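# Report on the structure
Each chain, written out:
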Amino acid sequence: IVSTGVLQHPWVQALSPTVGSRLPLVRLLWVLGAMTPTTILFLEAFGNYRPLLQQSLTRLVAGGLLAPFGGLSVLALILLALSEPSSGRLFIFTFAGLTSLGLAAYRLLLRGYYWRRQAAGYYTKNVVVAGSPAGIDWLICHLRDAALREYRLLGYLDTTPNGARPAGDLPSLGPVYDLGELLVHYPIKEVIVMHPAAGGVWLEQVIRDCQYFQVLLRIVPEALLLGEERDLKTLYRAEPLHLPAVTLRPPHLDSDALFFKRLFDFVVAGLLLALLSPVFLLVAAAIKLTTPDLPVLYPWRVVGQNGVEFTGYKFTTMQSGAEALKAELMDRNEMSGPVFKIKDDPRVTRLGRFLRKYSLNELPQLWSVLKGDMSLVGPRPAFRHELDRYELWHKRKLTVRPGITCLWQVRGRNQIADFDEWVKMDLEYIDNWSLWLDVKILIWTAWAVAAGTGS
């Protein structure tokens, strides 16, 4: 550091007697290395790692400002123990001050961003309620007062088809025994049940459906809520809805593993889109040169996780009017069930056969992975007309984000003619999912693509 100008001031010399000489790089690095973990620990102690929208502004700002100085205190003790009280004090205090301001400003800006997105409905969870009419009326009032921005009531399930109805205007979604169908065709995030003091034989079916389709279920004893007034927000502060509920949570819901799966998908898809951009251009040029009347990309409208529809893209491999010719070829369908698939499909162009052999037609789906509609690994999405012919147990494959590849594709998709066997492999993947399983499937897929064993 050059000892000129402002660095000659007495206050600078008092803070850092080493000004005028160079601080060793190793010393600066260990200061950074010592303060970083201690600052993180203090943020955790202040409760600043809860979701930002659940933190008050006071807690958020105080944590951002004070945590770096907590790290500074620990660092000062280390320096004192090492008998090096003069080791770059100017650098240490400047680092702590700038870190405090930067951390607090960053967290405030991030919280504001999340707040605007929440107000726009991006984080709203669709909820279905069930119970007695009185219990449903109580839940409607409670949810609208306590969590208007976080939860959206889609409707209620009839538990007494020929009895009374709730007093509010919440629509009925049908009898409670049809919950399984609803969980597939609607993006429902939670089911809240008011368990009546007497009866409630339907609850067992609700538990089975939520467990099978991996949807969070809250069971609230009706006797605890109806009648005597209670300060629920005080009594059940740790519960997000402030309800005295038994919560049955799917095994991977909001897990760290799912976060890393999404992070892995985002990074890998982004890298592959950048690295394979020359391949995209070559394939697009080849399609236009061989079949100039066809578009480069084929948009397909499919159903993804929890029945949410999205538009994905593949490179065009079929001739114009292929969908109209499908009816004429139906008698040659080699797949049982709702899926149509034949070997040597006459609708496929000559270039399309090459693209399908090496799965090059699937590359544009990386954009769907980057957007979050799909994952690299997961069950294949379904067409809406196929979903209408699914049996209930088939629909469980839609409880996770669909993927470009999965078990059935690396176990010889060309040899699998039974749709039930296909779905069983998808359910095997869901029941045994792990990050390591995804890695293995991607390795097997890369081998299959290199060997040219695609469709």
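To start, this report covers the structure provided alongside it. Bear in mind that the values here come from a model prediction, so they are computed numbers and not experimental data. (Residues numbered from 1 in each chain as written. Predicted model: local features only at pLDDT ≥ 70, side-chain atom pairs only at ≥ 80, totals over all residues. Heavy atoms only, no water.)

When helices and strands are tallied, the protein shows 17 helices and 11 strands. Burial statistics for the protein: of 455 residues in total, 42% are counted as buried. Counting only contacts in the protein whose residues sit at least 6 apart along the sequence, the fraction spanning at least 24 positions is 70%. For the protein, the accessible area works out to roughly 24,200 Å², and carbon and sulfur atoms hold 63% of it. (Helix = DSSP H or I, 4+ residues; strand = E, 2+ residues; numbered from the N terminus. Buried < 20%, exposed > 50% of the residue type's maximum accessible area, 1.4 Å probe, protein only. Contact = heavy atoms within 4.5 Å. Areas by Shrake-Rupley, 256 points an atom, 1.4 Å probe, with all protein chains shown as cover.)

Attention now moves to the sheet that holds strand 10 (residues 382–383). What links the strands of a sheet is backbone hydrogen bonding, and the strands pair in either a parallel or an antiparallel sense. One open sheet accounts for three strands, arranged 8-7-10; its pairing is antiparallel. For this open sheet the edge positions go to strand 8 (309–315) and strand 10, each flanked by a neighbour on one side alone. Alignment of strand 7 (residues 297–303) against strand 8, held across seven bridges, turns out to be antiparallel. Counterpart to W300 in the pairing with strand 8 is G312. (Pairing = 2+ DSSP bridges.)

This brings us to the pattern of salt bridges. Tallied over the entire structure, the rule returns 14 salt bridges. Two residues, R384 and E309, come together in a salt bridge whose shortest N-O distance is 2.9 Å. Of this pair, R384 sits in helix 14 (residues 384–387) while E309 is found in strand 8, placing the two residues 75 residues apart along the sequence. Judged by its relative accessible area of 27%, R384 falls in the partly exposed class. The partly exposed category is assigned to E309, whose relative accessible area is 32%. Between D431 and R396 there is a salt bridge, and its shortest N-O distance comes to 2.4 Å. Of this pair, D431 sits in helix 16 (residues 419–431) while R396 sits in the loop between helix 14 and strand 11 (403–405), and the two are 35 residues apart along the sequence. Take D431: its relative accessible area is 48%, and that puts it in the partly exposed class. Through salt bridges with shared partners, a single ionic network connects K125, E190 and R218. (Salt bridge = Lys/Arg side-chain N within 4 Å of Asp/Glu carboxyl O.)

This brings us to a nonpolar patch on the surface. A contiguous nonpolar surface patch, about 790 Å² in accessible area, is contributed by F259, F260, L263, F266, V267, L271, L275 and L435. Among the elements that take part in the nonpolar patch, helix 9 (residues 256–275) stands out by supplying seven residues, more than any other. Mapped onto the elements of the fold, L275 is located in helix 9. (Patch = residues over 30% accessible without salt bridge, like charges linked within 9 Å, V, L, I, M, F, W, Y side chains within 5 Å.)

Among the eight residues of strand 2 (residues 151–158), six are classified as buried, and the element is accordingly described as predominantly covered. As paired elements, strand 1 (residues 125–130) and strand 2 share six bridges and run parallel to each other. The residue bridging A130 from the neighbouring strand is L157, located in strand 2. Direction of pairing for strand 2 relative to strand 3 (residues 172–175): parallel, over a ladder of two bridges. Its bridge partner being in strand 3, D158 is matched across the sheet by P175.

With that out of the way, let us pick up helix 7 (residues 203–212). Taken together, the buried positions of helix 7 are occupied by L203, V206, D209 and C210. Around the axis of helix 7, the buried residues are gathered within 125° of arc, so they sit on the same side. In helix 7, those exposed residues whose orientation departs by more than 90 degrees from the buried face are E204 and Q211. Where helix 7 is buried, its residues touch helix 6 (179–185), strand 4 (190–195) and strand 5 (216–221). At the exit of helix 7 stands Q214, carrying a positive phi of roughly 55°. (Arc of directions from axis to C-beta.)

Okay, the sheet that holds strand 5 next. Pairing in this open sheet of six strands is mixed, and the strands run 3-2-1-4-5-6 from one edge to the other. Every interior strand has two partners, whereas the edge strands, strand 3 and strand 6 (246–248), have only one. Adjacent strand axes in the sheet meet at a mean angle of 25° when their direction is disregarded. (Axes fitted to C-alpha atoms, helices over the stretch in contact; angles between N-to-C directions.)

All right, on to the nonpolar core then. Counting residues in each nonpolar core, the largest one holds 59 residues, and the members touching the most others are V191, V193, V206 and Y429. With seven residues, helix 16 is the single largest residue contributor to this core. Leave out the neighbours within four places in its chain, and V206 touches V176, L179, V191, V193 and L217. (Core = buried A, V, L, I, M, F, W, Y, C linked by side-chain atoms within 4.5 Å.)

Attention now moves to the packing of helix 9 against helix 10 (residues 277–290). One can describe the packing of helix 9 onto helix 10 by two numbers: an axis separation of 4 Å at closest approach and a directional angle of 55°. Judged by the angle between their axes, helix 9 and helix 10 are oblique. Here L273, A274 and L275 of helix 9 come into contact with helix 10, specifically with S277, P278 and F280. In terms of residue class, the contact of helix 9 with helix 10 is made up of five nonpolar, one polar and no charged. (Parallel < 35°, antiparallel > 145°, perpendicular 65-115°, else oblique. Nonpolar A, V, L, I, M, F, W, Y, C, P; charged D, E, K, R; others polar.)

This paragraph deals with the packing of aromatic side chains. For the coordinates displayed, the defined rule picks out nine aromatic pairs. Their ring planes at 65° and their centres at 5.7 Å tell us that W300 and F383 sit as a pair that is edge-to-face. Taken together, the residues W300 in strand 7 and F383 in strand 10 connect sequence positions 83 residues apart. Given the relative accessible area of 5%, W300 is considered buried. Both rings, one in Y390 and one in F419, keep their centres 5.3 Å apart while their planes meet at 45°; by these two values the pair is tilted. Remark: F419 occurs in helix 16 and Y390 occurs in the loop between helix 14 and strand 11; sequence separation between them is 29 residues. Every member of this aromatic cluster is reached through a ring pair, and the members are Y390, W408, F419 and W422. Positioned above the aromatic ring of W300, the side-chain terminus of K314 is 4.4 Å from the ring centre. Over the ring of Y212 we find R396, and its NZ or CZ is 4.9 Å from the ring centre. (Phe/Tyr/Trp six-rings, centres within 6.5 Å; stacked < 30°, edge-to-face > 60°. Lys NZ or Arg CZ within 6 Å of the ring centre and 35° of its normal.)

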